[in-house]
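The residues making up each chain are set out below.
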Amino acid sequence: GAGVSQSPSNKVTEKGKDVELRCDPISGHTALYWYRQRLGQGLEFLIYFQGNSAPDKSGLPSDRFSAERTGESVSTLTIQRTQQEDSAVYLCASNDRVVKAIYFGEGSWLTVV
Amino acid sequence: QQQVKQSPQSLIVQKGGISIINCAYENTAFDYFPWYQQFPGKGPALLIAIRPDVSEKKEGRFTISFNKSAKQFSLHIMDSQPGDSATYFCAASMNTGFQKLVFGTGTRLLVSP
């Protein structure tokens, strides 16, 4: 597609449930990032994938958070046993190794009730 | 040392005025400094970026000024328009194989008609 695509765009879930968020990066982009943005706050790095290299998971806030990516395609961010503090917009971004600019998707708005 | 400090937190400018947002960093290894613009409900969009080998970059009404010795950079929006009302984030990263952007906390700009 022309841009980074994320789904669902909105998700309301009950505390304790698991959620999966999906990101489809720009075609040809080898790098994929997940960021979290709490309401009115800045962008918090979560995880980075670059090609077939081991992902950098240094930003994941707890072991309830995990992400996968197959090759250079779609990525899934999974949050297990969701808590209210997980409520945020989860933003995915991608770029290639030549062009430094990182392009973001529209985000997945997660509300844990 | 990985932080990027952004100010002000919010800014109100009259239409036609100049909006100025400032950022400061500590890590001298940073060598890529983008600015992102985010409208409510949307993902951040790359606005303009600069590298430390130049002191200024201009694109239309948007200018980045960079002061390497002071480790500061700023965004100037000339002839500010109501459509510029958005949240602006500065960011920085190192030119390694891994582009982990570190973001400022954001500036909410309101341009009054």
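A quick note: this is a predicted structure, and the numbers were derived from the prediction, not measured.

Quick look at the interface of chain B and chain A
Move 1: Contact residues are listed per partner, giving 21 residues for chain B and 22 residues for chain A.
Move 2: Each partner contributes to the roughly 1700 Å² buried at the junction of chain B and chain A, and carbon and sulfur atoms together form 56% of this total.
Move 3: Our count for the chain B to chain A interface comes out at 1 salt bridge.
Move 4: Where chain B touches chain A, the interface holds 4 residue pairs in polar contact (both at pLDDT 80 or more).

Remarks on the sheet that holds strand S6 (residues 65-69) of chain A
All names here are of chain A.
Move 1: Taken in spatial order, the 4 strands make up an open sheet running S1-S3-S7-S6, and their pairing is antiparallel. Looking at the sheet topology across the chains shown, the edges are occupied by strand S1 (5-7) and S6. On average, adjacent strands in this sheet sit at an angle of 15 degrees to one another, irrespective of strand direction.
Move 2: Bridging between S6 and strand S7 (residues 75-79) involves 5 bridges; their strand directions are antiparallel.

Cut-offs applied
Sequence order as written defines the numbering, with residues in each chain counted from 1. All chains are assigned letters beginning at A, and all ligands numbers beginning at 1, according to the order in which they are written. Since the coordinates come from a predicted model, pLDDT governs what is reported: local features require at least 70, and pairs of side-chain atoms require 80 or more to be given and counted, while whole-chain, interface and lining totals use all residues. Hydrogens and water molecules were not included; the side-chain quantities draw on all heavy atoms of the structure. The contact criterion used is simple: two residues touch if any of their non-hydrogen atoms lie within 4.5 Å. When two parts are put together, the accessible area they lose, computed with a 1.4 Å probe and summed over both, is reported as buried area. By definition, a salt bridge exists where a carboxyl oxygen of Asp or Glu is found within 4 Å of a side-chain nitrogen of Lys or Arg. Whenever two N or O atoms come within 3.5 Å, that pair is a polar contact, provided that in protein one can donate a hydrogen and the other can accept it, and provided that, for residues adjacent in sequence, both atoms are side-chain atoms. Should DSSP find at least two bridges between two strands, the strands are regarded as paired. Secondary structure elements are taken from DSSP: a helix is a run of H or I of four residues or more, a strand is a run of E of two residues or more, and numbering for both begins at the N terminus. Only the stretch in contact is used when fitting a helix axis, every axis being a line fitted to C-alpha atoms; angles between N-to-C directions are given from 0 to 180 degrees.

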